[in-house]
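Breakdown of the fold
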Amino acid sequence: MGWFRKKTTAPALAVLPRHIAVVMDGNGRWATGRGLPRTAGHKAGAKVFENICRYANSIGVETMTFYAFSTENWKRPKEEVDTLMKLFGDYLKQADQFQKEQIRIRFVGDPAPLSEELRQLMKHAEDSSAHFTGLTVNLAINYGGRDELVHAFRKIAAKAKEEGLAPEAITEQTVSEHLYADTCGDVDLFIRPGGEHRISNFLLWQAAYSEIYFCDTLWPDFTSKDLDEAIGWYSGRQRRFGGI
Ligand code: FPP
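From a predicted model like this one, the values you see are computed outputs, not experimental measurements. (Residues numbered from 1 in each chain as written. Predicted model: local features only at pLDDT ≥ 70, side-chain atom pairs only at ≥ 80, totals over all residues. Heavy atoms only, no water.)

Looking at the environment of M64
Position of M64 relative to the elements: it lies in strand β4 (residues 63-70). Considering only alpha carbons, one finds M64 and L189, 125 residues apart in sequence, at a separation of 9.6 Å. Once residues within four sequence positions are removed from consideration, M64 is found in contact with H19, I20, V22, I52, A56, L135, T136, V137 and N138. (Helix = DSSP H or I, 4+ residues; strand = E, 2+ residues; numbered from the N terminus. Contact = heavy atoms within 4.5 Å.)

Below, the structure is given as structure tokens:
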């Protein structure tokens, strides 16, 4: 199910996915290929993230979820982690500008290990954009799909203990309701640029029936035309959800 597109260069009858997830991969290779430090790739990737949000908003996509920092990314050199955290902070400091475009921002992931300053900025961005009516951007920071499920199961187990929730009363909806954000439901189109063919622990629950699109473009080179191509490809898919 989808909407017909507006204001886009993709084929006019392309079906618009409601929820698009993106693994922003290839920043490091983009930078080293240019003789630059990996952090330059993340800086370029952050600009692309903003451009793609703006474009998706302009064509009427409802929700986009971006993999910005995984639970495994802490293993990277401190300088790279610090740069990423600074990029998130810098982006959120301009949160008041989202008003112009009505882009709503939410977060998925475990905020506990993030700095107090970043958590405050996240809260401010979330609160001040809550009523906006444009694209919803879910930013995945310190996110892991398995970690999200473990968090959900812990909350459900606590409820079972405290409120006597019966095992047979636990349904798929119960699990969905205990995931990180209620704006991050089923993903229609899952895009992985950067040439790798894996989902890397991103949105394991929500991507159960996603159409998965891989392309070789490195994330800092990804443009609105690449998004159009992915949407055009999605339009040609037959989604059967296990039926025939
Ligand atoms: C994976 O590519 C990318 C990341 C771990 C970080 C993605 C984050 C950004 C693009 C910044 C987003 C900024 C904001 C403001 C939301 P990689 O570096 O592992 O690529 P490689 O496989 O080429 O090494």
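Next comes the rest of the account.
Digging into the packing of aromatic side chains
One pass over the full model with this rule turns up 12 aromatic pairs. Look at F49 and Y91: their rings are 5.0 Å apart centre to centre, the planes differ by 80°, and that puts the pair in the edge-to-face class. With F49 in helix α2 (residues 38-59) and Y91 in helix α3 (residues 78-93), the pair connects residues that are 42 residues apart, well separated along the chain. For F49, a relative accessible area of 6% puts it in the buried group. Overall, Y91 belongs to the buried group, its relative accessible area being 9%. (Phe/Tyr/Trp six-rings, centres within 6.5 Å; stacked < 30°, edge-to-face > 60°. Buried < 20%, exposed > 50% of the residue type's maximum accessible area, 1.4 Å probe, protein only.)

Some remarks on the confidence of the model for the chain
Residues of the chain with pLDDT of at least 70 account for 95%, and the chain-wide mean is 93. Contacts from residues 1-6, a stretch scored under 50 in pLDDT, to residues over four places away or in other chains number 19 contacts. (pLDDT = per-residue confidence, 0-100.)

Remarks on the pattern of salt bridges
Side-chain pairs of opposite charge can arise whenever the charged atoms involved come near each other. Within the structure shown, the criterion is met by 17 salt bridges. One salt bridge in this structure joins K93 and E117, with 3.8 Å as the shortest N-O distance. Here K93 is found in helix α3, whereas its partner E117 is found in helix α5 (residues 116-129), with 24 residues between them in sequence. Where K225 meets E229, a salt bridge forms, and the shortest distance between an N and an O atom there is 3.8 Å. One end of the pair is K225 and the other is E229, both in helix α8 (residues 224-235) and four residues apart, which spans about a single turn. (Salt bridge = Lys/Arg side-chain N within 4 Å of Asp/Glu carboxyl O.)

What about the packing of α3 against α5?
Here α3 crosses α5 at 35°, and the two axes come no closer than 9 Å. Between α3 and α5 lies a crossing of left-handed hand. Here α3 contributes M85, F88, G89, L92 and K93 to the contact with α5, which in turn contributes E117, L118, L121, M122 and A125. Here the contact of α3 with α5 is built from residues that sort into seven nonpolar, one polar and two charged. (Axes fitted to C-alpha atoms, helices over the stretch in contact; angles between N-to-C directions. Left-handed = near helix turned anticlockwise from the far one by under 90°. Nonpolar A, V, L, I, M, F, W, Y, C, P; charged D, E, K, R; others polar.)

What to know about the site of the ligand
Every one of the 19 residues lining the ligand counts as a neighbour, but M24, R29, R38, H42 and R76 are closest to it. Within the side chain of R38, an N or O atom sits 3.0 Å from an oxygen atom of the ligand. Contact with the protein chains covers 92% of the free accessible surface of the ligand, which is 630 Å². The set of elements that each furnish at least two residues to the shell around the ligand consists of α1 (27-32), α2 and α3. If you tally residues by element for the shell around the ligand, the top one is α2, at five residues. A per-class count over the shell around the ligand returns nine nonpolar, six polar and four charged. (Near = heavy atom within 4 Å. Polar contact = N/O pair within 3.5 Å; in protein donor to acceptor, adjacent residues only side chain to side chain. Areas by Shrake-Rupley, 256 points an atom, 1.4 Å probe, with all protein chains shown as cover.)

Brief notes about the side chain of D25
Note that D25 resides in the loop between β3 (19-23) and α1. Engagement of the side chain of D25 in a polar contact is seen with the side chain of R192, the distance being 3.0 Å. Once residues lying within four places of it in the same chain are set aside, the contact partners of D25 are R192, P193, G194, E196, L218 and W219.

Side note on helix α6 (residues 145-163)
In an α-helix there are 3.6 residues to a turn, and that puts residues three or four apart on one side. The terminal C-alpha atoms of α6 lie 27 Å apart, and with 19 residues this matches the ideal 27 Å at 1.5 Å per residue to within 8%. Every buried residue of α6 is accounted for by G145, E148, L149, A152 and I156. Viewed end-on, α6 has its buried residues packed into an arc of 95°, placing them on one side of the element. Exposed residues on α6 whose side chains face more than 90 degrees from its buried face are R146, R154, K161 and E162. Residues of α6 that are buried make contact with β6 (136-143) and α7 (172-177). (Expected span 1.5 Å × (residues − 1). Arc of directions from axis to C-beta.)

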